[in-house]
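# Working through the structure, step by step
So you can see what is in the structure, the chains are spelled out below.
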Amino acid sequence: MKFHLFPYAAALGLAASVASAGELTVVSFGGAYTQSQIEAYHKPWMAKTGHRILSEDYNGGLAEIKAQVQAGQVTWDVVDSQAAEVLLGCDEGLHEEIDPSILPPAPDGTPAVEDFYEGTISDCAVGTIAWSTVFAYDREQLSPAPATINDFFDLEKFPGRRGMRKVPKANLEMALVADGVSPEKVYEVLQTSEGVDRAFAKLDTIKEHVVWWESGAQPPQLLVDGEVVMSTAYNGRIFNAAVAEGQSLEVVWDAQVLTVNSWAIVKDTPDMELALDFLAFVSTPENMAVQASWISYAPVRRSASAMIGAYHADPALDMRPLMPTAPDNIRNAVWNDKEFWADRIDELNERFNAWLLK
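Overview of the structure.

So, on to the environment of H51. Mapped onto the elements, H51 comes out in the loop between α2 (31-49) and β3 (52-57). Along the backbone, H51 and A313 are 262 residues apart, and their C-alpha atoms lie at a distance of 28 Å. In contact with H51, other than residues within four places in its own chain, are A21, G22, W45, M46 and L274. For H51, the side chain forms a polar contact with the main-chain nitrogen of G22, separated by 2.9 Å.

Next up on the list: the packing of aromatic side chains. Tallying each qualifying case throughout the model produces 19 aromatic pairs. Both rings, one in Y41 and one in W263, keep their centres 6.3 Å apart while their planes meet at 75°; by these two values the pair is edge-to-face. A residue pair is termed long-range when its members are at least 10 positions apart, and Y41 in helix α2 and W263 in strand β10 (residues 249-265) qualify at 222 residues. The class for Y41 is buried, based on a relative accessible area of 0%. Judged by centre distance (5.1 Å) and plane angle (85°), the ring pair of W131 and Y234 falls under edge-to-face. In this pair, W131 sits in strand β6 (residues 125-138) while Y234 sits in strand β9 (residues 230-234), placing the two residues 103 residues apart along the sequence. What makes W131 buried here is its relative accessible area of 7%. What links up through ring pairs into an aromatic cluster is the set F29, Y33, Y58, W76 and Y297.

Glancing now at the state of the cysteines. All told, the structure shown has one disulfide when counted by the stated rule. Between the sulfur of C90 and that of C124 lies a disulfide, 2.0 Å long from S to S. The disulfide joining C90 to C124 has a torsion of about 50° about its S-S bond and is therefore right-handed. Of this pair, C90 sits in helix α4 (residues 83-91) while C124 sits in the loop between β5 (121-122) and β6; the two residues are 34 residues apart in sequence, bridging distant segments of the chain. What makes C124 buried here is its relative accessible area of 1%.

The next point concerns the pairing of β10. Sheet faces and side chains relate simply in a regular strand, where the side chains alternate between the two faces. Taken across its 17 residues, β10 has 15 buried, putting it largely inside the fold. Pairing between strand β4 (residues 78-82) and β10: five bridges, direction antiparallel. Within β10, the position partnered with D80 by the bridge is W263. Sheet topology places β10 next to strand β14 (residues 334-335); two bridges connect them, and they run parallel. The partner of L258 across the bridge, within β14, is W335.

Calculation rules
- Residues numbered from 1 in each chain as written.
- Predicted model: local features only at pLDDT ≥ 70, side-chain atom pairs only at ≥ 80, totals over all residues.
- Heavy atoms only, no water.
- Helix = DSSP H or I, 4+ residues; strand = E, 2+ residues; numbered from the N terminus.
- Contact = heavy atoms within 4.5 Å.
- Polar contact = N/O pair within 3.5 Å; in protein donor to acceptor, adjacent residues only side chain to side chain.
- Phe/Tyr/Trp six-rings, centres within 6.5 Å; stacked < 30°, edge-to-face > 60°.
- Buried < 20%, exposed > 50% of the residue type's maximum accessible area, 1.4 Å probe, protein only.
- Disulfide = S-S within 2.5 Å.
- Pairing = 2+ DSSP bridges.

Right, dumping it as structure tokens:
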């Protein structure tokens, strides 16, 4: 759906007129996350260039991108996507290749390819944030508080319904950690058919008590409404509900599944020059740090991480301990394996959907 159109060029008295300004369609996941991008990237880029951004929301995946490219009717220009999906889309010819030399260096002159964390730049992708799937609860509705992923699966100690995203990603990983697999061994186990069976068997133990969600806005609402006692969720969505909206929600970081999101350019976009200019702009360490002042998603540049400061609306709230990559939060994390999911996503989606119908 259409999210925002910001015709700021004329209002700011920029050289480019509205009539001649270019327009770039940038696609992301909506809610507080897209708002953080609007504040950190869209508004200042439009102010600087005189161009306009049309912001649209989606729920991820490649289906809409593939349909546009195959039909020769590309209307999306830049898409925020999970790393595994960008990798798959690049292999399928759905994204443009990006020369990393367009990316700005760190303030000390370190080239971008050395300043970005390993694996966050690829042929068709430029990393933007590290975020995580966590589980959360409402402290006013659940006591004692859950502390580990085992508690999420313990219906005896914590009776009640659970919220989970209606996909295999993150669910399989969390299930294996709850079943005793160490985070660093999760994908080694999932590479085997026995490991996949083991993950689904663990999910079986709570399946009848699960409320399935599909959009990131749903888990906080499910928790606040008391429809579930715990839910998996995107960590930034829980942060926004707790800090910006004053809800009594808490994140449990144990067995968080850390994922990198990346910017990608849709193949055959008619706005390639604008798209590259936008990617260079959003990849500056300073702008990445601004986004981290709006939501608790971590930048994927070392220099940007060093610039993280306070929450934009509360100078007393230090954002650094709230990042999924903070030392206390990352100790028992599962790092999403993008190659695994790029190779196995169709197969495991099919199995997951069949499992849901059993």
